[in-house]
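Observations on the model geometry
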Amino acid sequence: MMQRAKIDTDGPEPHGPEPHGRGSHGPIIDAGAELDPVHPMKLPRPSGRHTGLTSAEVARHIARGEVNDVPVRSSRSAVEIVRANVFTRFNAVIGVLWVIMSFVAPIQDTLFGYVILANTGIGIIQELRAKRTLDGLAVIGEAKPTVRRDGVATEISTARIVLEDLIELGPGDKVVVDGEVVEAESLEVDESLLTGEADPVLKRPGDSLMSGSFVVVGGGAFRATKVGRDAYAARLAEEASRFTLVDSELRNGISTILKYVTWMMIPTALGLIVSQLVVKQTNFKDSIARTVGGIVPMIPEGLVLLTSVAFAIGVIRLARKQCLVQELPAIEGLARVDVVCLDKTGTLTEGGMNVSELRVLGGADETYVRKVLGALGKSDPRPNASLRAVVDAFGEERGEWPVRAALPFSSVRKYSGAVFSEAEGSGALSSGWLLGAPDVLLPHDDPALAGIDRLNEQGLRVLLLARAGGGAEAPGAAGTAGGGAHALDSPEAVAGAEATAILVLEQRLRPDAADTLAYFAQQDVDAKVISGDNAVSVAAVAGKLGLPGAERTVDARLLPTEREEMAEAIEGATVFGRVTPQQKRDMVGALQSRGHTVAMTGDGVNDVLALKDADIGVSMGSGSEATRAVAQIVLLNNSFSTLPSVVAEGRRVIGNITRVATLFLTKTVYSVLLAILVACFQVEYPFLPRHLTLLSTLTIGVPAFFLALAPNTERARPNFVRRVMRYSIPSGVIAGTATFVAYMLARHYYSGPDALGAETSAATLTLFLVSMWVLAIVARPYTWWRIGLVMAMGAAFLVVLAVPALQHFFALKLVGTTMPWLAVGIAVVASAALEFCWRWVGRRFPV
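For the structure given in this document, a descriptive report is provided here. Computed from a predicted structure; not experimentally measured.

1. Observations concerning helix H26 (residues 755–778)
Taking 1.5 Å per residue, 24 residues should reach 34 Å; H26 reaches 35 Å between its end C-alpha atoms and fits that length. Summarising burial for H26: 20 of the 24 residues are buried, a large majority.

Here it is as structure tokens:
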């Protein structure tokens, strides 16, 4: 076994205490860990490698119940879904009224109860379907940690982990249970989701690991000390993946409206009861029926149910496109997005890369350079996309040199490196090499950088191979160059780097990226490309994809740090390069400070912080477990082209619910107004429950269902309550006033024992026509199916008036011609008033 190389000549001893926060440079992998010669892509095998539990030990832990058997919860349980849909205060009120009506009125006056029963059933069925879809997709998207048992590394589900299992870790892996580090190879862990500290923490054997943290650099293994519900991950995952509508402006707005409706309904209903039962002293059963008929329409219970159904259907639609929605508010948030920040790698480009050209510098021997590149590829057990391309191109030509020390790639540092012991004759020498961004490894005036900008402008990725400075000996010198090993992660290594070769890599563009960017431009969504790569290279890729404003490029290293100035700079540019993980987070915050609703896409660990802070985080299914855990939406098919469907679905849901909410609340307003007028004028309430059931079904229920599922590309705007109530209140007042005027005229026109039925029919005709005009306004802009929907509802009402059996069932019969035509005339005047009012409100109270 080779002698271990010291990590830092001036620092603490390898096993001594070391402060946290070395994420900006990253420690060197100790050469005491030998690479697996058969599987060089696997984790390095340190001396004294732990074999993990035996099969017998696993069986004993399972028998004792020490298993990580936390169920995947991507939605509410079936019992919770049924309880949430059935046991509501509105169902309780309507249920009581339904029971009362069952004793005092014929079945046609109890239809409102059956409608509620049907709507509740629909809500339960849709949510159960969404639950099955989400649970299935959550299992598909679940990470499978690598567990070492009997000395063999195997991928298993998190539910099969037992206490004291040995779990392997690599960059991007999530710590799924609490544990203690057993093996550490330059292991740096991001605990920002737990502590809020952005700097990675260096972990050594014996250190504790808390579930919910993520590996940033290096690898290792840890022993599980807490599993199941004892682990922090169980609580974190259960809370993060719950099927919920928390912090939803739409749901909060509806709750606010319903709260005020409840307070208005109580005194109004009491006044109606008194006027119908005490003052008028009419038939008891008929009075009860008309009282209930006045109370039921005040409750917009259908709006709550329709909102839940729309959200559930939205989730199911996206699930069919392999899009996992982990939090329901994401559906609403997508409708409000006006800026989408895209990470280039994995989003605009595919993960794979190809080496297109190798240019040696300074007369270096190309064969030797190829061996160096092959050896560098072998030195990293978990290569990133760039180094994997190097492995593919030069892996067969690698020098068989032992690795004394290795420095993994860091998105902050922008380079990786290794120190090799090269054998030559009877002597041995050591050489240190760096591979990374040319503008980071070399000063800006270095001649080797002369042609790199032109390559970047073509959208090519350029890497520089450089001999590390800081004391590394050149080939041909005898001895061991310890200085090179010591300096790989130090400024001296970069300051003294000697350019040896330029490596040109081509990135494969996603075939669907151009169409997706064009969609965002059409929908007035600004796309910002934020990447850790060279800004010019990123701009070239964006330009190839036709991104508007791709020429407005900014090097993030030149961005101001003050939030207001940063926000101004970001709004004025489109492409940003050399962005650090912390800067991505700051940029998202800067855009949000300007009132933007920001969506962030990403697939790497360096995107975690920005994804967590963005209003909507979108992760690729092939991305790291870290990004999938943080994101609200996961594209399991890794297709960037799914994003337009996701945005469109969000806009459809929020836009249509805002539209149909006006219908429901207009009914609430005119119902309250009619009850007040009836109580004040001391007259019978004009409607039985069957009349309002018919009106609600034709002018609200059926149309609202279709309108809520219709396409809608308009970006949602804030102030939901104000936007809805500014139209609902005047519409309800006009409809209620017109109906009451027609009713009072009919009371003076008709006389005799059947006068009340004729008066009710005239009032019903007026209310139907005015409500139909509200529906016609809400249905705009017209399409063939919207026009057909409105006409179908009108035709259905005519059928009720024309068919004797339906006339009797709904107690509707127009008597004579004068009063019916007068009712139509009142409705025409009211409709004209509605048109004027809607136009005036739109100008006077813009939102």
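There is more to say after this.
2. Structural notes on the sheet that holds strand S24 (residues 633–635)
For sheets, the rule is that strands pair by backbone hydrogen bonds, running either parallel or antiparallel. The strand order across the open sheet formed by 8 strands is S11-S24-S23-S22-S12-S19-S21-S20, and the pairing between neighbours is mixed. Each of the sheet's edge strands pairs with one partner strand only, and the pair in question is strand S11 (323–325) and strand S20 (553–555). Averaged over neighbouring strand pairs, the angle between their axes works out to 20° when direction is ignored. Where S11 lies against S24, 3 bridges are found, and the strand directions are antiparallel. In the strand pairing of S24, Leu-324 is matched with Val-634.

3. Here's the deal with the nonpolar core
One finds Ile-633, Phe-640 and Phe-797 to be the most contacted residues of the largest nonpolar core, which totals 122 residues. The biggest single contributor to this core is helix H23 (residues 642–681), with 17 residues. Excluding residues within four positions of it along the chain, Phe-797 makes contact with Leu-694, Leu-695, Leu-698, Thr-764, Leu-765, Phe-768 and Leu-812. In terms of nonpolar packing, the next biggest core, distinct from the first, is built from 24 residues, Met-353, Val-372, Leu-373 and Ala-375 among them.

4. So, the packing of aromatic side chains
Applying the stated criterion across every chain, the model contains 12 aromatic pairs. Measuring from centroid to centroid gives 5.0 Å for Tyr-749 and Tyr-750, while their planes differ by 85°, and the two rings are edge-to-face. Assessed through its relative accessible area of 44%, Tyr-749 is described here as partly exposed. Taking the relative accessible area as the measure of exposure, Tyr-750 reaches 11% and is therefore buried. Note on Phe-809 and Phe-810: the rings are 5.0 Å apart at their centroids and 80° apart in plane angle, and the pair reads as edge-to-face. Of the residues examined, Phe-809 reaches a relative accessible area of 28% and is grouped as partly exposed.

5. Observations regarding the environment of Leu-258
Along the polypeptide, Leu-258 turns up in helix H7 (residues 249–279). The exposure class of Leu-258 is buried, given its relative accessible area of 5%. Considering only alpha carbons, one finds Leu-258 and Ile-299, 41 residues apart in sequence, at a separation of 8.0 Å.

6. Focus: helix H17 (residues 513–522)
All of the buried residues along H17 are Ala-513, Thr-516, Leu-517, Tyr-519 and Phe-520. In a view along the axis of H17, the buried residues occupy a sector of 155°, so they form one face of it. Within H17, the exposed residues directed more than 90 degrees away from the buried face are Asp-515 and Gln-522. Contact partners of the buried residues in H17: strand S12 (339–342), strand S19 (526–530) and H23. Backbone geometry just after H17 places Asp-524 at a positive phi near 60°.

7. Here we look at a nonpolar patch on the surface
Where nonpolar side chains cluster on the molecular surface, the patch consists of Trp-263, Ile-266, Leu-270 and Ile-273 and spans about 420 Å² of accessible area. Looking at the secondary structure, you find Ile-273 in helix H7.

8. Considerations on the packing of H23 against H26
Orientation of H23 relative to H26, taken along the N-to-C sense of each, is 155°, at an axis distance of 9 Å. Taken together, the axes of H23 and H26 lie roughly antiparallel to each other. The way H23 lies across H26 gives a crossing that is right-handed. Contact residues: Arg-659, Thr-662, Leu-663, Thr-666 and Tyr-670 in H23; Leu-767, Ser-771, Val-774, Leu-775 and Val-778 in H26. Residue composition of the contact of H23 with H26, by class: 6 nonpolar, 3 polar and 1 charged.

9. Structural notes on the packing of helix H24 (residues 689–708) against helix H27 (residues 784–802)
Interhelical geometry of H24 versus H27 gives an angle of 160° and a closest axis separation of 11 Å. Compared by their axis directions, H24 and H27 come out roughly antiparallel. In the crossing of H24 with H27, the sense of the turn from one axis to the other is right-handed. Residue-level inspection shows Leu-694, Leu-695, Leu-698, Val-702, Pro-703, Phe-706 and Leu-707 of H24 in contact with H27, the latter providing Trp-785, Arg-786, Leu-789, Met-793, Ala-796, Phe-797 and Val-800.

10. Side note on the pairing of strand S17 (residues 461–467)
With 7 of its 7 residues buried, S17 lies for the most part within the structure. Burial along S17 is two-sided: Arg-461, Leu-463, Leu-465 and Arg-467 and Val-462, Leu-464 and Ala-466, pointing in opposite directions, are all buried. Alignment of S17 against strand S18 (residues 498–509), held across 7 bridges, turns out to be antiparallel. Bridge pairing in S18 links Leu-463 to Leu-503.

11. Examining the side chain of Ser-531
Along the chain, Ser-531 falls in the loop between S19 and helix H18 (535–544). Discounting chain neighbours no more than four positions away, the residues touching Ser-531 are Asp-343, Lys-344, Val-538, Phe-576, Gly-577, Arg-578 and Val-579.

Reading the values: the criteria
- Residues numbered from 1 in each chain as written.
- Predicted model: local features only at pLDDT ≥ 70, side-chain atom pairs only at ≥ 80, totals over all residues.
- Heavy atoms only, no water.
- Helix = DSSP H or I, 4+ residues; strand = E, 2+ residues; numbered from the N terminus.
- Expected span 1.5 Å × (residues − 1).
- Buried < 20%, exposed > 50% of the residue type's maximum accessible area, 1.4 Å probe, protein only.
- Pairing = 2+ DSSP bridges.
- Axes fitted to C-alpha atoms, helices over the stretch in contact; angles between N-to-C directions.
- Core = buried A, V, L, I, M, F, W, Y, C linked by side-chain atoms within 4.5 Å.
- Contact = heavy atoms within 4.5 Å.
- Phe/Tyr/Trp six-rings, centres within 6.5 Å; stacked < 30°, edge-to-face > 60°.
- Arc of directions from axis to C-beta.
- Patch = residues over 30% accessible without salt bridge, like charges linked within 9 Å, V, L, I, M, F, W, Y side chains within 5 Å.
- Areas by Shrake-Rupley, 256 points an atom, 1.4 Å probe, with all protein chains shown as cover.
- Salt bridge = Lys/Arg side-chain N within 4 Å of Asp/Glu carboxyl O.
- Parallel < 35°, antiparallel > 145°, perpendicular 65-115°, else oblique.
- Left-handed = near helix turned anticlockwise from the far one by under 90°.
- Nonpolar A, V, L, I, M, F, W, Y, C, P; charged D, E, K, R; others polar.

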